[in-house]
Amino acid sequence: MTVHAGAAARVRARPRRRLGPAALGVLGVLPALLLIAALIAYPVGYSIWLSLLDKHSFFPAERWVGLDNYVYLLRDTEFWDSLWKGVVYATGTTALQLVAGVVAALVLHQPFVGRTLVRALVLFPYMIPTIVAVIVWRWLLNETYGLVDYLLVAWGLVRQPIVWLGTEHVMTSLIGMSVWQFTPFVVISVLARLQTIPPELYEAARVDGASPWGRFRWITLPQLRAVLFVVILLRSIWMFTKFDTVWLWGEGAGAGREIRTLPVYAYMRTFTYYQAGYGAALAVVMLLMLMAATVAYFRLFWREEEAA
Amino acid sequence: MRRVTRLALYAAALGLAAQAIFPFLWMLSTSLKPPREVLATPPGLVPAAPTLDNFVRLLTETAFITYFRNSVLVAGLTVLLTTLVGAVGAYSLTRFRFPGREAVAKLILATYMFAPILIVVPIYIMARRLGIVNTHTALVLSYTSFSLPFALWLLRAFFQSIPLDLEEAALVDGAGRPRAVAYVVAPLALPGLLATAIFTFTLAWNDYIFTLILIASDELKTLPVGVQDLFAAAVVDWGLVMAAGVLITIPALAFFMAVQRHLVAGWGSGGLKG
């Protein structure tokens, strides 16, 4: 021990010893990696393990059941129902966000007085907490005192107020409200890309006599390809796994069943029915579906890229 | 540009601005109305008899202040931890060569798509096992690990854009790495750090699901879950709920406005999630 201490002292006496760049690099990334490993990677693995158990959410009792949860899942009509609702919600909201987002980005790309301000304002819905977006829209769409129904009736567009959160319209109103909340993501992504398209391309097209539609179709759209690819991927994944907006929209509305998407169903199984094992199986299936969809989507994009 | 096109452009811009902020104006308007006016027909945008009564009741009769304090505390700690760990990690990813560096970058991108619902079950059970269920520690750890992949990605892009020469010049001049980082790199990376901070703050401030599953006692709840409880009452007191909405929106908005200019740079590299 004393020998080592002496050696250490000698080292210290010399100019400070430095760690190599590789060691420093690993050391610097380590805290971040450990946190991600412990709280994202490990839980994913743990989820798979849990999905093989019959486990109560609160009590420690657990029992190995192998693939029983997955077998049950295949015959669970509520699962298929929630999957279908999740797909409707994800595709509906993603498609509408995409169209609205691209149109809005094209408008905000034009020069006009007050453009900076409008660009900032447009982001509001995306920046505010989901709870605020939900309460303000549930107030606007309230069937008795809400502004929207009042105006619809006053302007003679409908005879009876529409029960937006009732069984019949709750999915429509949820999709509309979600599009309002999440479209700014598409706007900002597309706008950032629009700003990097070289103006010479448009000038050349103008010289060639291309119409505005022609310029959009043959210059803007091809340039936006890559960003739209990423935006569609991210938005559909995030909409498919969206929990808070959907859950809060259905809370106490009486028509929650109509918008019970897969994330909501997985949550309910775990925290309402206390079936942690089954809840985990639902989450694992969700993850597998996302991975499969992502791989298929990439394949498709690459094939089109080669064809183009 | 032709006049008609111009007119259409301004109409479209106005429409875009209106759809984004009108709901907030309506929320603000309702929050300033006395109960009878809240439910009046026809509803008016400008309150006839504006009052702060809803705000007073919110602050004195509900636990709003407690929720607010909890939210500030949790979001603040998350920002500090994420920015620190993220900055050190991203700096290391761009400045030192080490085996697996590219793999780490790819892993980070993969976790970017991740959503909390996919792991809430194991997170909850892990937190129970560790005995940190119903603590702010559990929340800060969850938010940090969720914002880290993105923070690393964003900061990595920023550090990559800072020329190595500047730093090397400082190192050659005899400044140690800590000083080179503090005086040369940090000021240039400031926009990136701010973008990371606001992204993280927003994620923690807005989160609903982690508080929902991890926090049981009322005095530890953060705003979104606390306000949802107000909203879940048998008869919804809309004036009160809208007042709460206004007060939650203000800090997020103020923070957003303060760093908005720096933010645009962050968005270019994809500074959003949710």
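Not measured: the values here are computed from a predicted model. (Residues numbered from 1 in each chain as written. Chains lettered and ligands numbered in written order. Predicted model: local features only at pLDDT ≥ 70, side-chain atom pairs only at ≥ 80, totals over all residues.)

Re the environment of B:Ala157
All names here are of chain B.
Part 1 of the reasoning: Residue placement: Ala157 occurs in helix H7 (residues 136-160).
Part 2 of the reasoning: Residue Ala157 is classed as partly exposed on the basis of its C-beta count, with 19 C-beta atoms lying within 10 Å.
Part 3 of the reasoning: As for Ala157 and Thr94, which are separated by 63 residues in sequence, their C-alpha atoms are 8.8 Å apart. (Helix = DSSP H or I, 4+ residues; strand = E, 2+ residues; numbered from the N terminus. Buried ≥ 20, exposed ≤ 12 C-beta atoms within 10 Å, placed from the backbone.)

Section: the domain arrangement of chain B
Residue and element names in this part refer to chain B.
Part 1 of the reasoning: By domain assignment, chain B separates into domain 1 (1-51) and domain 2 (62-268).
Part 2 of the reasoning: Placing a centre on the C-alpha atoms of domain 1 and another on those of domain 2 gives a separation of 32 Å.
Part 3 of the reasoning: Elements with a contribution of two residues or more to the side of domain 1 that touches domain 2: helix H1 (3-31) and helix H2 (35-38).
Part 4 of the reasoning: With 5 residues, H1 is the single largest residue contributor to the side of domain 1 that touches domain 2.
Part 5 of the reasoning: Within the side of domain 1 that touches domain 2, the residues separate by chemical class into 5 nonpolar, 2 polar and 1 charged. (Domains from an automatic or database assignment. Nonpolar A, V, L, I, M, F, W, Y, C, P; charged D, E, K, R; others polar.)

Describing the nonpolar core
Part 1 of the reasoning: Grouped together as the largest cluster of nonpolar side chains are 153 residues, with contacts concentrated most on A:Val187, A:Leu282, A:Ala283, B:Ile117 and B:Ala244.
Part 2 of the reasoning: A domain-level breakdown of this core finds at least three residues from each of domain 1 (1-51) and domain 2 (62-268) of chain B. (Core = buried A, V, L, I, M, F, W, Y, C linked by C-beta atoms within 7 Å.)

Focus on helix H13 (residues 262-271) of chain A
Part 1 of the reasoning: Where burial is concerned, most of H13(A) is hidden: 8 out of the 10 residues are buried.
Part 2 of the reasoning: If you check which residues of H13(A) are buried, you get A:Leu262, A:Pro263, A:Val264, A:Tyr265, A:Ala266, A:Tyr267, A:Arg269 and A:Thr270.

Side note on the interface of chain B and chain A
Part 1 of the reasoning: In this assembly, 71 residues from chain B lie in contact with 66 residues from chain A.
Part 2 of the reasoning: Per-element tally for the side of chain B that touches chain A: the top contributor is H1(B), with 13 residues.
Part 3 of the reasoning: For the side of chain B that touches chain A, the class distribution of residues is 53 nonpolar, 17 polar and 1 charged. (Contact = placed C-beta atoms within 7 Å.)

Digging into the packing of helix H14 (residues 276-307) of chain A against helix H6 (residues 120-130) of chain B
Part 1 of the reasoning: The interhelical angle for the contact between H14(A) and H6(B), taken along N-to-C directions, is 140 degrees, at an axis separation of 9 Å. In terms of orientation, H14(A) lies oblique with respect to H6(B). Where H14(A) abuts H6(B), its residues A:Ala276, A:Gly279, A:Ala280 and A:Ala283 lie against B:Val121, B:Pro122 and B:Ile125. (Axes fitted to C-alpha atoms, helices over the stretch in contact; angles between N-to-C directions. Parallel < 35°, antiparallel > 145°, perpendicular 65-115°, else oblique.)

Quick notes on the confidence of the model for chain A
Residue and element names in this part refer to chain A.
Part 1 of the reasoning: Residues with a pLDDT of 70 or more make up 93% of chain A, whose mean pLDDT is 88.
Part 2 of the reasoning: Confidence, expressed as mean pLDDT per element, reaches its minimum in chain A at helix H1 (residues 2-13) with 46 and its maximum at helix H4 (residues 77-109) with 96.
Part 3 of the reasoning: Confidence drops under pLDDT 50 across residues 5-14; counting only partners more than four residues distant or on other chains, this segment forms 1 contact. (pLDDT = per-residue confidence, 0-100.)

Topic: the confidence of the model for chain B
All names here are of chain B.
Part 1 of the reasoning: In this model, chain B carries a mean pLDDT of 87, and residues with pLDDT of at least 70 account for 94%.
Part 2 of the reasoning: When the criterion is pLDDT under 50, residues 265-271 qualifies, and its contacts beyond four places in sequence or with other chains add up to 16 contacts.
Part 3 of the reasoning: On the interface metric, ipTM, the complex scores 0.88, and its pTM is 0.89.

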